[in-house]
Amino acid sequence: MLFNRFILAIKNQSRETLRAWSYQCESILAQRSRRIQQLLCFYQSVYGTQGLKQLWRAYYRRELQQPLRGIMLSAVGVVGLNIKQLGSDGFDWNKERLALANFDVCHRDIEFINTLAKNQLCERCQAKKMKYCYCLLGNQRCRKNGTPVPANSPQSSSPSSPKTPTSKKMPASAAETDKEESIRNCHTPLDLDARGAPAGTVRIQAQDEKKWEPYFSKNEFSIWRREERTSMYSYKVYARFDDITADDFLHVQTDLDYRRQWDDTALRLELISEDPVPGSNSHLIYWEMQWPRLFANRDYVYCRRYIKDENKKVILICNRGAKHKTYPAISGKVRVTDYWSVMVIKPFRGFHEPGLHFILTYYDDPGVPIPQNIKSWVTQKQMPEFLTKMYVATKNYACSRAIKMKDMFNSFTLINDEYTANDQRGSWLGRLSRNGHAKFSRGENGTER
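Quick caveat: nothing in here was measured; it's all calculated off a predicted structure.

## Re the state of the cysteines
Piece 1. Under the criterion given, the structure shown has one disulfide.
Piece 2. Disulfide partner of C142: C186, at an S-S distance of 1.9 Å. Of note, the bridge from C142 to C186 carries an S-S torsion of about 105° and is right-handed in sense. Here C142 is found in the loop between α8 (135-138) and α9 (172-180), whereas its partner C186 is found in the loop between α9 and β1 (213-218), with 44 residues between them in sequence.
Piece 3. C142 gets classed as buried once you look at its relative accessible area, which sits at 2%.
Piece 4. Take C303: it sits in no disulfide, and the sulfur closest to it among the cysteines is that of C318, at 9.4 Å.
Piece 5. Not engaged in a disulfide, the cysteine C318 finds its nearest cysteine sulfur in C106; these two sulfurs lie 7.8 Å apart.
Piece 6. Classification of C318 by relative accessible area gives buried; the value is 1%.

## Notes on the confidence of the model for the chain
Piece 1. Put simply, the chain has an average pLDDT of 77, and 68% of its residues get 70 or more.
Piece 2. Confidence drops under pLDDT 50 across residues 63-86; counting only partners more than four residues distant or on other chains, this segment forms 14 contacts.

## What about the pattern of salt bridges?
Piece 1. Counted by the stated rule, this structure contains 20 salt bridges.
Piece 2. Between R124 and E213 there is a salt bridge, and its shortest N-O distance comes to 3.5 Å. Placement of the pair is R124 in helix α7 (residues 123-127) and E213 in strand β1, with a sequence separation of 89 residues.
Piece 3. Among the ionic pairs, R225 bridges to E213, the shortest N-O distance being 2.8 Å. Note that R225 is positioned in strand β2 (residues 221-229) and E213 in strand β1, a separation of twelve residues in sequence. We note that R225, like E213, is buried.
Piece 4. Salt bridges here are not isolated pairs; linked through shared partners, they connect R124, E213 and R225.

Parameters at a glance
Residues numbered from 1 in each chain as written. Predicted model: local features only at pLDDT ≥ 70, side-chain atom pairs only at ≥ 80, totals over all residues. Heavy atoms only, no water. Disulfide = S-S within 2.5 Å. Helix = DSSP H or I, 4+ residues; strand = E, 2+ residues; numbered from the N terminus. Buried < 20%, exposed > 50% of the residue type's maximum accessible area, 1.4 Å probe, protein only. pLDDT = per-residue confidence, 0-100. Contact = heavy atoms within 4.5 Å. Salt bridge = Lys/Arg side-chain N within 4 Å of Asp/Glu carboxyl O.

What follows is the structure in structure tokens.
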């Protein structure tokens, strides 16, 4: 009986019914659109524009099914957005992409972090009053199969061992054995979970056979150095932070917009190009660094690539100097071309939990002769200050992100009155049923039956 009344009411009030349906659909559509806009604003405020792009790419690769993915690729083909056009800025990523094999040099760094509990100081680290020793592990030699040479082996060398006199020739067998045993052999592949990312071709050129020596230790920072060329050193910095997360630290490292805010020495920091291949996580960046007075500023054009391995719980970042035709050397600034760095970020437990180990290995040739006391000042004073500034920036970012998340979630709980609190939209079906019942109960002449 009620159903018949409902059908009769629809027939008699088809125009009102259609208007009510469109009114309700408009309300739902407007509410959903507003919610999507809020979500996009929320993720952009938390992760930034670059992080939002990476989030969408990860979702696209993992969640979308093959038919839908094919439809999207077809749509891209229709409008003509292919990979070649994305790389139309003149930078050939196939030739200039950093190789994943560069991260193999971090094998000893990860081993150093994993064995900190039983770390022992060598004689030179004790003399320098270092907090930790990297020399015993970093200078250890390995055979071709990656097996470490025992410390008491005649061919193994340690920082504190006496040097072999040059006048005394080594036996032929010992010389052959020495060639087969090297520090480079210890850089075994890490077998990272690259998730199908391209391997890359460009390698970092470092003096792997040179020995690390202690430099100085200050507060939570320990620094060692290794001679790359005459009076030119690469540096290795270790620190641990107990109250910041690895994900926040990665964001501070890779977000160029945020770095312009906290790094006052970064006069210019621009993204030149981004690798169009999904999962590569490679970028070409221009960076102008402010130097003290009486010195010209240094600028860099460099490639950056990072990888986040969920299985090994480690984040690795690699940088290397590059070239780009639209960013030539500028008069009045010194262009640094011989530059590379490798960074290891290893959390205590998970990427979202506080606590991490941090190792940065870097080298750059400033291009002009600089007095040794200036180099020592930059390394001993400026480097710890920069790392402390980076730590404070990570703390501030985590705090601001927490405030934004709280504000955004509070806005989600507020009900939009103009869409959901309208009684007419919520009760149109009941009103329609009542009107149909009234008309059915009356005759055509308006009298009750």
